[in-house]
Amino acid sequence: MHPAFSVVFFTTATGAGYGLLALLGLLGGLGFIPADFWLGLVGMALALGVIAAGLLSSTGHLGRPERAWRAFSQWRSSWLSREGVASVATFIPAGLFGIGWVLLGKSSGWVAAAGLLAAAGAVMTVCTTGMIYASLKPIAQWHSRYTLPAYLTFAAMTGSVLANALLQGFRQGSRAMLAWALLATLAGWGWKLATWRYNDRLEIPTTANTATGLSGGTVRSIEWPHTEENYLLKEMGFRIARKHSAKLRRITQALAFAVPAILLAIAFFLPWPLGAIASMFAAGAQFAGMLVERWLFFAEAKHTVTLYYGRE
Amino acid sequence: MTCLPVQTDKKLGLVIDLDTCVGCQACVTACKEWNTGGHMAPLTDIDPFGGHVDGVWFNRVHAYEHTTELGGRTVNFPRSCLHCEQPACVTVCPTGASYKRASDGIVLVDEDKCIGCKLCSWACPYGAREFDTDVGVMKKCTLCVDRIYNDNLAEDDRVPACVAACPTSARHFGDLGDPTSAISQLVEERGGVALMPELGYQPTNRYLPPRARSQRAAKVDAPALVPIKAEGGFLGWIDRMLSN
């Protein structure tokens, strides 16, 4: 699949943003993080800003972005529509929580309820994003039981590492938060390795034989219907060399998982502000690494239409 | 609404005979010619006379070499929308632009509602949908809805443009939901198959596999040629001289 940067950035940014929003809503709503104006302002601005940037980026993928409002209508059948509805609906409790927690300095009663609702909305939105990909049968690497947990795990991971950096920056960090961010990073690493292992051994039942209805023997493409690349090949026939794929997987592992894990582990032993700086570098490296991971998620996915063009 | 109809009154579709298709591309050009002025018009071409020609087509004819233990054969393979009974291209549509008609099962796009998110083309395993980068919306085969119900055309012409154009009658149009229709009988008789049935899209269109090849060589009644006998006399002398 063609890795369009607008979609790569969109899924990575909203994952991190909703992860951070869920943690702030949950921890703020339950009173684990005290209501602090500057911490709250920067935290909520970061979470909602990253989400908004991601959502705006996704409209860059559209042929007719001025009609994007229509995408809220088909939530009964379409995961993309459900994502649109959930992402916008989450802004309501998130906004109320922001007003109560940041501006009024409250963290009980309706503010707590709004925080928990915002967290629930964030989790639901990430689920709908994951399901858009997990529901596509023609792409075997996506239509697997690994896809939805991956989106949830990576949102929790990037959100936790961001939240830890934020709390450390405001001298509100704790060993528990550091440990949680480190564990989430290791969990994300493990899930990505398991997914790659599964995809590399995937045996797809759909072949050129079933695609053409010609049973038995081999079916070899001897002539395309057109001489130049068409929409299908540009959009769904994207190919990546095996050696580049291997190198990008190593870059993903280093930037998204190994470097953040090491920095977070070191941060346990560093005094302020060094621990905060290490935590921020961890968040930055992880975001860059997740962009590479998401690029590969698209580039390594193979669509059944490529079978018609003789591409295995 | 992108929810699918529980049942359609008819299942209009195509049956394509891979035995008789000669890969002449007549259906491809007839489709383009009709539809660039039809329901989904225009079928934009980008840089049509340049080095990187691209454009929207609803029908593409591939060529394959199918090799089995009986030998190899070339198979021309027209590929277009199969008007599936479970079209995920419709259910994934976030705007309601894609829909499947309850009356005849045809899958269509309402161009005025399409936002060009391209998700439907990802959801189609058959590559039936092509994006028009110029208009910014998705386009697809309409089964020539503007021909098959067109009172301005003679009754014989109320078939999709690709069917009307086929010089070898490799393309057939009709109601595949009616087991007594000529097209359903043809599928029954020739063992028509659905493409990628394992994905569960339940395509309406069927492909008739190439007929089994004959194992007997053609019978030739003429006797085998025999060498001319070298004769005596003048002609025999010439034959011997020329043979040296």
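Residues numbered from 1 in each chain as written. Chains lettered and ligands numbered in written order. Predicted model: local features only at pLDDT ≥ 70, side-chain atom pairs only at ≥ 80, totals over all residues.

A few words on the overall build of chain B. A count of helical and extended segments in chain B gives seven helices and eleven strands. Computed over its C-alpha atoms, the radius of gyration of chain B comes to 26 Å, more than 25% above the 18 Å expected for a compact globule of 244 residues. Over its C-alpha atoms, taken along the principal directions, chain B stretches across nearly 95 × 50 × 40 Å. Looking at the 244 residues of chain B, the share that counts as buried comes to 45%. Taking the contacts inside chain B whose residues are at least 6 apart along the sequence as the reference set, 60% of them involve residues at least 24 apart. (Helix = DSSP H or I, 4+ residues; strand = E, 2+ residues; numbered from the N terminus. Rg over C-alpha atoms; globule rule 2.2 N^0.38 Å. Buried ≥ 20, exposed ≤ 12 C-beta atoms within 10 Å, placed from the backbone. Contact = placed C-beta atoms within 7 Å.)

At the interface, 45 residues of chain A touch 49 residues of chain B. For the side of chain A that touches chain B, the leading source of residues is strand S1 (residues 218-223) of chain A, giving six residues. Two elements, S1 of chain A and strand S4 (residues 60-68) of chain B, share five bridges in a ladder whose sense is antiparallel. Paired with Thr218 of chain A across the bridge in S4 of chain B is Thr67 of chain B. (Pairing = 2+ DSSP bridges.)

In this section: the sheet that holds strand S10 (residues 171-175) of chain B. Residue and element names in this part refer to chain B. The mixed open sheet is built from three strands, whose spatial order is S10-S1-S11. A strand with exactly one partner marks an edge of an open sheet, and here the two such strands are S10 and strand S11 (206-208). On average, each strand axis in the sheet is tilted by 25° relative to the strand beside it, whichever way the strands run. As judged from the three bridges shared by strand S1 (residues 12-17) and S11, these two strands associate in the parallel manner. Pairing of Val15 across the sheet is with Arg206, part of S11. Sheet strands in contact with helix H6 (residues 182-190) are S1, S10 and S11, and its direction is about 120° off that of S10. (Axes fitted to C-alpha atoms, helices over the stretch in contact; angles between N-to-C directions.)

Bringing unusual backbone geometry into the picture now. The omega angle of the peptide bond from Trp272 of chain A to Pro273 of chain A is 5°, so this bond is cis rather than trans. Between Ala41 of chain B and the following residue, Pro42 of chain B, the backbone shows a cis peptide bond with an omega angle of -5°. Among the secondary structure elements, Pro42 of chain B is positioned in the loop between helix H1 (26-35) and strand S2 (45-46). Phi is positive for Lys118 of chain B, close to 70°, though the residue is something other than glycine. Here Lys118 of chain B shows up in the loop between strand S7 (107-109) and helix H3 (119-123). On the basis of neighbour count, Lys118 of chain B is assigned to the buried category, with 21 C-beta atoms found within 10 Å. Positioned with a positive phi, Leu143 of chain B is a non-glycine residue whose angle comes to about 55°. Tracing the backbone shows Leu143 of chain B in the loop between strand S9 (137-139) and helix H4 (145-148). Residue Leu143 of chain B is classed as buried on the basis of its 29 C-beta neighbours within 10 Å.

Counting 148 residues, the largest nonpolar core has Leu21 of chain A together with Ala123 of chain B as its most contacted members. Ignoring sequence-local partners within four residues, the contact set of Leu21 of chain A consists of Ala47, Ile51, Ala94, Ala118 and Ala122 of chain A. (Core = buried A, V, L, I, M, F, W, Y, C linked by C-beta atoms within 7 Å.)

Bringing helix H5 (residues 147-169) of chain A into the picture now. Along its 23 residues, H5 of chain A runs 33 Å from first to last C-alpha, staying within 8% of the 33 Å computed at 1.5 Å per residue. Arg171 of chain A sits one or two residues past H5 of chain A and shows a positive phi near 55°. (Expected span 1.5 Å × (residues − 1).)

The strand order S1(A)-S4(B)-S5(B) describes an open sheet built from three strands, whose pairing is antiparallel. Pairing within the sheet leaves two strands with one partner each, and these edge strands are S1 of chain A together with strand S5 (71-79) of chain B. Going from strand to strand, the sheet's axes swing by 30° on average, the running direction of each strand aside.

A word on the packing of H5 of chain A against helix H6 (residues 175-200) of chain A. All names here are of chain A. Where H5 meets H6, the axes come as close as 9 Å, and the angle between the chain directions of the two elements is 150°. Put simply, H5 runs roughly antiparallel to H6. Viewed along their axes, H5 and H6 form a crossing whose handedness is left-handed. Residue-level contacts link Pro149, Ala150, Thr153, Phe154, Ala156, Met157, Ser160, Val161, Ala163, Asn164 and Leu167 of H5 to Met177, Leu178, Trp180, Ala181, Ala184, Thr185, Ala187, Gly188, Trp191 and Thr195 of H6. Class assignment of the residues belonging to the contact of H5 with H6 gives a composition of 15 nonpolar, six polar and no charged. (Parallel < 35°, antiparallel > 145°, perpendicular 65-115°, else oblique. Left-handed = near helix turned anticlockwise from the far one by under 90°. Nonpolar A, V, L, I, M, F, W, Y, C, P; charged D, E, K, R; others polar.)

The next subject is the pairing of S1 of chain B. Residue and element names in this part refer to chain B. The buried fraction of S1 amounts to six of the six residues, a majority that puts the element mostly inside the structure. Every second residue of S1 is oriented toward a common face, with Leu12, Leu14 and Ile16 on one face and Gly13, Val15 and Asp17 on the other, all of them buried. Pairing of S1 with S10 involves five bridges; the strand directions are antiparallel. Looking across to S10, one finds that Leu14 is bridged to Phe173.

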